[in-house]
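Residue-level structural notes
What follows is the residue order along each chain.
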Amino acid sequence: MGSALYQFYEFNHAAVAPFRAAAEANLWWLRHPLNPFAETLTAKTAAAAFDLFESVTRRYGKPKFGLHETEIEGKPVPVVERVVWERPFCRIIHFEREQSALKVIEGGLEQPKLLIVAPLSGHYATLLRGTVEAMLPHAEVYITDWADARQVPLSKGSFDLEDYVDHVIDMAHALGPELHVLAVCQPSVPVFAAVAIMNERGDPLAPLSMTLMGGPIDTRKSPTEVNRLATERGTEWYERNVITTVPFPHPGFLRRVYPGFVQLSGFMAMNLDRHVDAHWSYFDHMVEGDGDSAQKHREFYDEYLSVMDMTAEFYLQTVDLVFVRHALPKGELTHRGRPVRPEAITRTALMTVEGEKDDISGVGQTRAAHELASALPAGMHEHWEQPGVGHYGVFNGTRWRDEIAPRVRAFMAKQAKRA
């Protein structure tokens, strides 16, 4: 496909820029406090239309976590983001809680060390803001912050699924002993593989526990539309139709990628009715002046529409091994020429979490990890299926905060010390 797809996208973005600028100017005037017509229905309707146009045509940058404070035992504790590990395609962010504030909490504070492995699947790690927020009062939280491939110069080399597994192992070594790992969606497979490799090697820094949430361990179980498309089309179709090269002047010029905007359009198309209804609802709320509902909608879509590119080699390997060939559950997955042996997992406890209405990773796909980790003692297995939630509800929102996160924390507490 070359760079034609990306060039077409860049051209369209440039072509619509004058109209977007005009919309912003009109929006400014229609909502200006000195405009005597600002509160009329006509002005509100026009302003809402301009706002909607601007939001769906904007190019969204990388969002910020914006988590500057948490609350522990009723006391506010300042939080600072610090980068503690970095490679060209990823870095680890530590949400460092102010130690002086922690020391004044009665009885001291002994909490687990948790690495949240964010998906490398088109969205930035900030999509897991709610995941981090719920765990911050209860753990020393770290998260993987994957790089946008179009920002990584070609001279920095390639990045594939085997590199991902190596990164997880390196991160565990960098963060040290008594680590817990939580993988959300896509990283469930490479995290599971990394843990199996570390257990087989007798690595003393193998995590105490891993929690896999809504992940594609075995996509033959309850296949979703995403799974069916991958199986029917095969890897070659994706290489021909969605892989392109990064155009000039991006730092990753000439790197082969799966662009984030292509993945986003695919997800939007699969749930088109839902997104259209949501945007009409957004429009109605702005016209009515329901600021809270409109603002919540805007915040979600600002996050959802912020996308990043993945390297072609990583994406195509994932499609081939995870969704087409089902290499892990079939016992055919290898890493650097050696078989990945799930039955070697004997020292890292395993929890899986699924959503009853998940239309991306179907029910049973994540739970399959327990069958593979067959040598793990019974007391080190746990599974939870959350009623009433879809894919994003597994790691974000009220059900995550009130029902899922407490179970994950309780599981980690049970595995706090390695025997």
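Cut-offs and rules
- Residues numbered from 1 in each chain as written.
- Predicted model: local features only at pLDDT ≥ 70, side-chain atom pairs only at ≥ 80, totals over all residues.
- Heavy atoms only, no water.
- Phe/Tyr/Trp six-rings, centres within 6.5 Å; stacked < 30°, edge-to-face > 60°.
- Helix = DSSP H or I, 4+ residues; strand = E, 2+ residues; numbered from the N terminus.
- Buried < 20%, exposed > 50% of the residue type's maximum accessible area, 1.4 Å probe, protein only.
- Expected span 1.5 Å × (residues − 1).
- Axes fitted to C-alpha atoms, helices over the stretch in contact; angles between N-to-C directions.
- Parallel < 35°, antiparallel > 145°, perpendicular 65-115°, else oblique.
- Contact = heavy atoms within 4.5 Å.
- Nonpolar A, V, L, I, M, F, W, Y, C, P; charged D, E, K, R; others polar.
- Salt bridge = Lys/Arg side-chain N within 4 Å of Asp/Glu carboxyl O.
- Left-handed = near helix turned anticlockwise from the far one by under 90°.
- Pairing = 2+ DSSP bridges.
- Right-handed = clockwise from strand over helix to strand, strands pointing away.
- Core = buried A, V, L, I, M, F, W, Y, C linked by side-chain atoms within 4.5 Å.

1. Notes on the packing of aromatic side chains
Per the stated rule, a full pass over the model turns up twelve aromatic pairs. Where W146 meets Y164, the ring centres are 4.4 Å apart and the plane angle is 35°; that geometry is what we call tilted. Of the two residues, W146 sits in strand β5 (residues 140–146) while Y164 sits in helix α5 (residues 161–175), which places them 18 residues apart along the sequence. The pair formed by W146 and Y164 is uniform in burial state, with each residue classed as buried. An aromatic cluster is built from F89, W146, F159, Y164 and F314, whose rings are joined through pairwise contacts.

2. Let's talk about helix α6 (residues 188–200)
Along its 13 residues, α6 runs 18 Å from first to last C-alpha, staying within 8% of the 18 Å computed at 1.5 Å per residue. In terms of residue burial, α6 counts as a mostly covered element, since twelve of its 13 residues are buried. Three or more residues of α6 are buried, namely S188, V189, P190, V191, F192, A193, A194, V195, A196, I197, M198 and N199. Positioned one or two residues after α6, G202 has a phi angle of 70°, which is positive.

3. With respect to the packing of α5 against helix α11 (residues 312–324)
Remark: α5 packs on α11, axes separated minimally by 8 Å, with the N-to-C direction vectors making an angle of 95°. Classified by the angle their axes make, α5 and α11 are roughly perpendicular. From α5, L161, E162 and Y164 reach across to α11, where they touch F314, Q317, T318 and L321. Grouping the constituent residues of the contact of α5 with α11 by class yields four nonpolar, two polar and one charged.

4. What to know about the pattern of salt bridges
A full pass over the atoms with the stated rule returns 18 salt bridges. Note that E371 and K221 form a salt bridge whose closest N and O atoms lie 3.9 Å from each other. Taken together, the residues span a long stretch of sequence, with E371 in helix α12 (residues 368–372) and K221 in the loop between β7 (209–213) and α7 (225–241) at a distance of 150 residues. Here E371 falls in the exposed class, since its relative accessible area comes to 58%. The salt bridge partner of R228 is E225, with a shortest N-O separation of 3.6 Å. With R228 and E225 both in helix α7 and three residues apart, this pair spans about one turn of that helix.

5. Concerning the packing of α5 against α6
Two numbers describe how α5 lies on α6: the axes approach to 9 Å, and their chain directions differ by 60°. As summarised for this structure, α5 and α6 are arranged oblique, according to the angle between their axes. Handedness of the crossing formed by α5 with α6: right-handed. Counting all contacts with α5, which are made through L161, Y164, V165, V168, I169, A172 and H173, the residues of α6 involved are P190, V191, A193, A194, I197 and M198.

6. Quick notes on the pairing of strand β6 (residues 179–184)
A regular strand places its side chains on the two faces of the sheet in alternate fashion. Here β6 lies mainly inside the structure; six of its six residues are buried. Residue alternation in β6 divides its side chains into two sets, L179, V181 and A183 and H180, L182 and V184, and both sets are buried. Pairing of strand β4 (residues 113–117) with β6, which is carried by five bridges, proceeds in the parallel orientation. Counterpart to V117 in the pairing with β6 is A183. Of the pairings in the sheet, the one linking β6 to β7 comprises five bridges and is parallel in character. Residue pairing for β7: L182 is matched across the bridge by T211. Of the crossover connections in this fold, the one passing from β6 over α6 to the parallel β7 is right-handed.

7. Focus: the sheet that holds strand β9 (residues 256–258)
Pairing is antiparallel across the open sheet formed by three strands, whose spatial order is β8-β9-β10. Two strands close off the open sheet at either side, each with one partner strand: β8 (244–245) and β10 (310–311). The pairing of β8 with β9 spans two bridges and is antiparallel. The residue of β9 that forms the bridge with T244 is V257.

8. Observations regarding the nonpolar core
F95, I143, W146 and F192 are the most contacted members of the largest nonpolar core, which totals 99 residues. For this core, the leading source of residues is α6, giving nine residues.

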